[in-house]
Amino acid sequence: MQTPSDLYRLLPSVDELLSRLRDDSTPHALVRDEARAALEEVRAAIRSGDAPADVAAAAVEKTRARLEAWRRPSLRPVLNASGVILHTNLGRAPLAASAVEAMARTAGRYSNLEYDLALGRRGRRDVHAGALLERILGKPAIVVNNNAAAIYLALQELGAGGETIVSRGELIEIGDGFRIPEILARSGTRLREVGSTNKTRLEDYREAIGPDTRLLLRVHPSNFRIEGFTGRPPLPALAALAAERGLPLVEDLGSGSLWDLSGQGVADEPPVTASLEAGVSLATFSGDKLLGGPQAGVIAGDPALVARIRRNPLFRALRADKLIYAALEATLREFLFDNYEAIPALRMARLSVEAIDARARALAERLGGCAEVIDGDSLLGGGSTPAQTLPTRLLAIRPAGLSTAAVERRLRTGEPPVLARVADDRLLLDLRTVFPDQDAALELALRAALAPARD
Ligand SMILES: *Cc1c(COP(=O)(O)O)cnc(C)c1O
């Protein structure tokens, strides 16, 4: 039996680790620091009576692993078998191939981002998506970092120093603690809540309008839904009231669909143009939700108001990057030419149950007895209403000899990582959000995760 001091003596020195692990592509100081940290890990294990069998080999291995970890990207692709199309934690919309190409083309070279090539002088970055947005929406639009920034900027310009009237039923929290009321407060406007949580009448807005009122705000009820005795005035009526009082009506649409999804069974997601046609002064929406593009926020509507917001100094602070313009422009072009199938999020939303069923059955057959195919629901996600589901077919797996939780963890921590759902002690995989060219990788990952316990 070796004592701790025997074990300490068996440890290699930092110099020995350096000479073993140093190579031309790894800086000396990095190897040295990781060797020190690895040695400290092994010493701690020895101290706690948990020493590895071969402490010298463990020190080498730990140093190697620490160096390897620095080479591995932290942000990496994930196979999304959750069936949530716009999964905020998984990067929302996967981009169209044309958008990826546009980003790659722009990323490593100079571009005419803010240079007017015809006139030979400074230009504006908004022109790159501006013309397409105006063509598609019928109104001018500007782009900022995300929809939260869009709302903030619109309210800062139009509402600061005065009151913003909003229905109590629309003061919502969107995922990870983003609360509309807090954005409102930071923009310098005072919130005037009207109506009750479940019902707001046109008269409630009318009575609240006073000398300090700067705008009316309408918020798309994104990730919650009040069932039953509910109501809010129709958009045209609210727009007419705003116009009568000479006040802007701003609508935060959240997802901001560019085409009518009701044919896909998606209710409550009116296209942006419907809001603008109903008389909304400004609509704001995300680039990476139902638009299927990069993270961005769009402010579209009344030309004079858009121009005012464009001149706000915060526009500069919230501006979008050139890669975003490249991807957004390419995505919008797919819309203009009706190439909905080119936009992955829309293609997934339009997949038929039969097509998903066929792929799920083929996979279940190859996996053998533990897998079956059952009915289920895919989710639109991205903060859309929880009720926005699409019928799907799920691959349901009841692992043999392993807990469902263990298999889920193996999938999640494997390469590539696979995200699945767990319900009723079964693993549920929805191929709607798996790209068909990933089916083979998914099968391999499942085989590995379902293999008998290794530890
Ligand atoms: C998602 C959402 C936002 C936030 O949009 P981001 O682009 O994520 O900043 C704001 N309002 C509503 C109603 C939303 O659904």
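Residues numbered from 1 in each chain as written. Predicted model: local features only at pLDDT ≥ 70, side-chain atom pairs only at ≥ 80, totals over all residues. Heavy atoms only, no water.

Topic: the overall build of the chain
Looking only at helices and strands, the chain has 18 helices and 18 strands in total. Going through the 455 residues of the chain one by one, you find that 48% of them count as buried. Contacts in the chain between residues at least 24 apart in sequence constitute 74% of all its contacts with a sequence separation of at least 6. A total of about 22,000 Å² of accessible surface is found on the chain, and carbon and sulfur atoms cover 52% of it. With 58 positive and 59 negative side-chain charges, the chain shows a separation of 4 Å between the mean positions of the two kinds. (Helix = DSSP H or I, 4+ residues; strand = E, 2+ residues; numbered from the N terminus. Buried < 20%, exposed > 50% of the residue type's maximum accessible area, 1.4 Å probe, protein only. Contact = heavy atoms within 4.5 Å. Areas by Shrake-Rupley, 256 points an atom, 1.4 Å probe, with all protein chains shown as cover. Lys, Arg positive; Asp, Glu negative; His and termini not counted. Charge placed at Lys NZ, Arg CZ, Asp CG, Glu CD.)

Structural notes on the side chain of D126
If you trace the backbone, D126 turns up in the loop between β4 (121-122) and α6 (127-137). With a relative accessible area of 7%, D126 lands in the buried category. When neighbours within four sequence positions are excluded, D126 is seen to be in contact with I142, R310, F315 and Y325.

Some thoughts on the packing of aromatic side chains
Considering all chains together, one arrives at 2 aromatic pairs under this definition. Judged by centre distance (4.5 Å) and plane angle (10°), the ring pair of W259 and Y340 falls under stacked. Within this pair, whereas W259 is found in the loop between β11 (249-254) and α11 (272-277), its partner Y340 is found in the loop between α14 (322-336) and α15 (344-350), the two being separated by 81 residues in sequence. For the residue pair W259 and Y340, the accessibility class agrees, reading buried in each case. Plain terms: the ring middles of F335 and Y340 are 6.0 Å apart, the flat faces sit at 65° to each other, and that makes the pair edge-to-face. Here the two residues F335 and Y340 agree in accessibility, since each one is buried. Here the aromatic cluster, defined as three or more aromatic residues joined through ring pairs, consists of W259, F335 and Y340. (Phe/Tyr/Trp six-rings, centres within 6.5 Å; stacked < 30°, edge-to-face > 60°.)

Details of the sheet that holds strand β2 (residues 84-86)
As a general point, the strands of a sheet are linked pairwise by backbone hydrogen bonds and lie either parallel or antiparallel. In space, the 5 strands of this open sheet follow the order β2-β14-β15-β18-β17, with mixed pairing throughout. Each end of this open sheet is capped by a strand with a single partner; those strands are β2 and β17 (421-423). Across the sheet, the axes of successive neighbouring strands diverge by a mean angle of 40°, strand direction being ignored. Relative to strand β18 (residues 426-430), strand β15 (residues 389-397) runs antiparallel, the two being bridged by 4 bridges. Bridge pairing in β18 places I397 opposite L427. Running at roughly 5° to β15, helix α16 (residues 353-367) makes contact with β14 (371-381), β15 and β18 of the sheet. (Pairing = 2+ DSSP bridges. Axes fitted to C-alpha atoms, helices over the stretch in contact; angles between N-to-C directions.)

Side note on the nonpolar core
In this structure, L137, L258, L332 and F335 are the most contacted members of the largest nonpolar core, which totals 54 residues. Here this core spans two domains, and each of domain 2 (79-87 + 346-450) and domain 3 (95-340) adds at least three residues to it. If sequence neighbours within four positions are ignored, L137 has contacts with L258, V272, T273, L276, F285 and A300. (Core = buried A, V, L, I, M, F, W, Y, C linked by side-chain atoms within 4.5 Å. Domains from an automatic or database assignment.)

Here we look at the sheet that holds strand β12 (residues 282-286)
Taken together, 7 strands build an open sheet; the order of strands is β5-β13-β12-β11-β10-β6-β9 and the sheet is mixed. Edge strands, defined here as strands with exactly one partner in the open sheet, are β5 (141-144) and β9 (190-194). For this sheet the average axis-to-axis angle between neighbouring strands, irrespective of direction, equals 25°. In terms of strand pairing, β11 meets β12 through 4 bridges, oriented parallel. Residue pairing in the sheet places D252 in a bridge with T284 of β12. Helix-sheet contacts for helix α10 (residues 235-244) involve β10 (213-219) and β11, and the interaxial angle to β11 is about 150°.

As for the packing of α6 against α14
It is the contact of α6 with α14, at a shortest axis distance of 9 Å, that shows an interaxial angle of 25°. As far as their axial angle goes, α14 and α6 are roughly parallel. With respect to the hand of their crossing, α6 and α14 are arranged in left-handed fashion. Across the interface between the two elements, H128, A129, L132, L133, R135 and I136 from α6 touch Y325, L328, E329, L332, R333, F335 and L336 from α14. Residues that form the contact of α6 with α14 fall into these classes: 9 nonpolar, 1 polar and 3 charged. (Parallel < 35°, antiparallel > 145°, perpendicular 65-115°, else oblique. Left-handed = near helix turned anticlockwise from the far one by under 90°. Nonpolar A, V, L, I, M, F, W, Y, C, P; charged D, E, K, R; others polar.)

Some thoughts on unusual backbone geometry
Note that the residue after E415, namely P416, is joined by a cis bond; omega there is -5°. Topologically, P416 is positioned in the loop between α17 (404-413) and β16 (418-419). Phi is positive for D338, close to 60°, though the residue is something other than glycine. The topology assignment puts D338 in the loop between α14 and α15. On the basis of relative accessibility, which here comes to 53%, the residue D338 falls in the exposed class. You will see that D425, though not glycine, has its phi angle at about 55°, which is positive. Along the chain, D425 falls in the loop between β17 and β18.

Overview of the environment of L446
With respect to the secondary-structure elements, L446 resides in helix α18 (residues 439-450). Distance in space between the C-alpha atoms of L446 and V418 is 8.8 Å, their sequence separation being 28 residues. When residues no more than four places from it in sequence are discounted, the contact partners of L446 are L363, L367, L395, I397, L411 and L429.

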